[in-house]
Amino acid sequence: MLISIVLTLVSAKDVTLPAFVGRANYAATLAQLGRIDAALAERIHQNDGPKPLTCSSLMGVHAGASGVTVRADTPVYVRMTGLTPEVSARLGDALLSAPPATWELGGETFAVQEAICDPTRHGWSGQTTYEALAAAQLARADTLDRQVTLEFAAPTAFKSKEMTLPVPLPGLVFGSLVERWNAFSPVVLSPEMRRYGEEVMAISRYRLESRAVGQKGDGLRIGGVGTVTYRALAGDRYWLGVMNMLAEFALYSGVGVQTATGMGQVRRRMRD
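Residues numbered from 1 in each chain as written. Predicted model: local features only at pLDDT ≥ 70, side-chain atom pairs only at ≥ 80, totals over all residues. Heavy atoms only, no water.

As a further point, take the sheet that holds strand 13 (residues 220-232). Pairing within the open sheet is antiparallel, and its four strands lie in the order 12-13-9-14. The open sheet has two free edges, formed respectively by strand 12 (201-214) and strand 14 (266-269), since each of these has just one partner strand. Sheet twist, expressed as the average angle between the axes of neighbouring strands with direction ignored, equals 15°. Bridging between strand 9 (residues 147-156) and strand 14 involves four bridges; their strand directions are antiparallel. Across the sheet, the residue bridging to Leu150 is Arg268, located in strand 14. Here helix 5 (residues 170-184) sits on the sheet in contact with strand 9, strand 12 and strand 13, set at roughly 75° to strand 12. (Pairing = 2+ DSSP bridges. Helix = DSSP H or I, 4+ residues; strand = E, 2+ residues; numbered from the N terminus. Axes fitted to C-alpha atoms, helices over the stretch in contact; angles between N-to-C directions. Contact = heavy atoms within 4.5 Å.)

With respect to the helices and strands, Gln32 occurs in helix 1 (residues 22-36). When its relative accessible area of 13% is taken as the criterion, Gln32 is described as buried. One polar contact links Gln32 to Arg35, side chain to side chain, over a distance of 2.6 Å. Not counting chain neighbours up to four residues away, the residues in contact with Gln32 comprise Ala94, Leu95, Pro100 and Trp103. (Buried < 20%, exposed > 50% of the residue type's maximum accessible area, 1.4 Å probe, protein only. Polar contact = N/O pair within 3.5 Å; in protein donor to acceptor, adjacent residues only side chain to side chain.)

Moving on, we get to the state of the cysteines. By definition, a disulfide links the sulfur atoms of two cysteines through a covalent bond. Under the definition given, this model contains zero disulfides. Lacking any disulfide linkage, Cys55 is separated from the closest cysteine sulfur, that of Cys117, by 15 Å. (Disulfide = S-S within 2.5 Å.)

Looking now at the packing of helix 1 against helix 2 (residues 38-46). Interaxial distance between helix 1 and helix 2 falls to 6 Å at its minimum, and their mutual angle equals 145°. Packed against helix 1, whose contacting residues are Tyr26, Leu30, Leu33, Gly34 and Ile36, the element helix 2 presents Ala38, Ala41, Ile44 and His45 at the interface. Per-class residue counts for the contact of helix 1 with helix 2 are seven nonpolar, two polar and no charged. (Nonpolar A, V, L, I, M, F, W, Y, C, P; charged D, E, K, R; others polar.)

Bringing unusual backbone geometry into the picture now. Phi is positive for Asp73, close to 65°, though the residue is something other than glycine. Tracing the backbone shows Asp73 in the loop between strand 4 (68-70) and strand 5 (76-82). Since its relative accessible area comes to 60%, Asp73 is described here as exposed. One non-glycine residue, Gln258, lies in positive phi territory at about 55°.

Next up on the list: the environment of Asp14. With respect to the secondary-structure elements, Asp14 resides in the loop between strand 1 (2-10) and strand 2 (15-17). Assessed through its relative accessible area of 45%, Asp14 is described here as partly exposed. It is 8.4 Å that separates the C-alpha atoms of Asp14 and Asp73, two residues lying 59 residues apart in sequence. Leaving out residues up to four positions away in the same chain, Asp14 has contacts with Val70, Arg71 and Ala72. Side chain to side chain, Asp14 and Arg71 meet in a polar contact 3.2 Å long.

For the rest of this paragraph, the subject is helix 1. Spanning 15 residues, helix 1 covers 22 Å between terminal C-alpha atoms, matching the ideal 21 Å at 1.5 Å per step. Buried within helix 1 we find Gly22, Asn25, Tyr26, Ala28, Thr29, Leu30, Gln32 and Leu33. Taken together, the buried residues of helix 1 touch helix 2, strand 3 (53-55), strand 5, helix 3 (85-97) and strand 6 (102-105). (Expected span 1.5 Å × (residues − 1).)

Take the pattern of salt bridges next. Any two side chains of opposite charge can pair, so long as their charged atoms come close to each other. Scanning the model with the defined rule gives 14 salt bridges in all. Residue Glu151 is joined to Arg267 by a salt bridge in which the shortest nitrogen-to-oxygen separation is 2.9 Å. Of this pair, Glu151 sits in strand 9 while Arg267 sits in strand 14; the two residues are 116 residues apart in sequence, bridging distant segments of the chain. Each of the salt bridges in this network shares a partner with another, and the network as a whole consists of Asp37, Arg90 and Asp93. (Salt bridge = Lys/Arg side-chain N within 4 Å of Asp/Glu carboxyl O.)

Let's shift gears to the packing of aromatic side chains. Each aromatic ring pair is specified by the distance between its two centres and by the angle formed by the two planes. Within the structure shown, the criterion is met by six aromatic pairs. The interplanar angle of 90° and the centroid separation of 5.0 Å between the aromatic rings of Tyr130 and Trp181 together place this pair among those described as edge-to-face. Of this pair, Tyr130 sits in helix 4 (residues 130-138) while Trp181 sits in helix 5, and the two are 51 residues apart along the sequence. Considered together, Tyr130 and Trp181 belong to a single accessibility category, that of buried residues. Seen from their ring centres, Trp181 and Phe249 are 5.1 Å apart, and the 80° between their planes marks the pair as edge-to-face. Within this pair, whereas Trp181 is found in helix 5, its partner Phe249 is found in helix 7 (residues 237-253), the two being separated by 68 residues in sequence. Take Trp181 and Phe249: they sit in the same class, and that class is buried. Put simply, the rings of Tyr130, Trp181 and Phe249 pair up and form one aromatic cluster. (Phe/Tyr/Trp six-rings, centres within 6.5 Å; stacked < 30°, edge-to-face > 60°.)

This is the structure we're talking about:
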């Protein structure tokens, strides 16, 4: 099972937070998972490979260089996703079945007003399965879209040739997605999707800007934020189906580096 849960948070007073609180949200999420399953929370934290969850920074606010001000009684949002049945189920137990009363971010305490897992109520939430995503695209009888548009709502970057690349090139984006899919899904895809992205997919439209994310110490990591439309210049039904399926999967998996701590928050945008 795949799950994406959005928490609505409110503060009783005006508060100022760092511009990026993805790491704080990750810590808060692990703390809540630890209430339900301490061993699982520890395994996630100690895992050096792809983590089976993602956590956002604060959503619904504009962050400046000096931080972000949240006004009293104004709703803001954080979200977390699960990429395995175990993690998804435990997130549901911890956040949906009995939502916590409060949520800690950047040394400030927020009241949890609501937990949402319904895309009709919040477009960054929902749940599905790998099998359902595969069936919806790979078994379609109608014509498959040759282009997909992705919204990069949080800074997104990639490791490439010992460098950090803040540009969501097709091979990097769909290579990242297929790696995450194969790390956790029972439905294995060809890793050649990365090469397909590099050789057959093109960027047809984009609107991007760079954003810096503070790292431990005084370091910064630069990522891209905005929207990109990718178009397949060729390909049979299988490859077009995989492209569309991975675009839907991005909502849950995130893209690129540090998705567990707020970067790479991505979703598909449908055509108007």
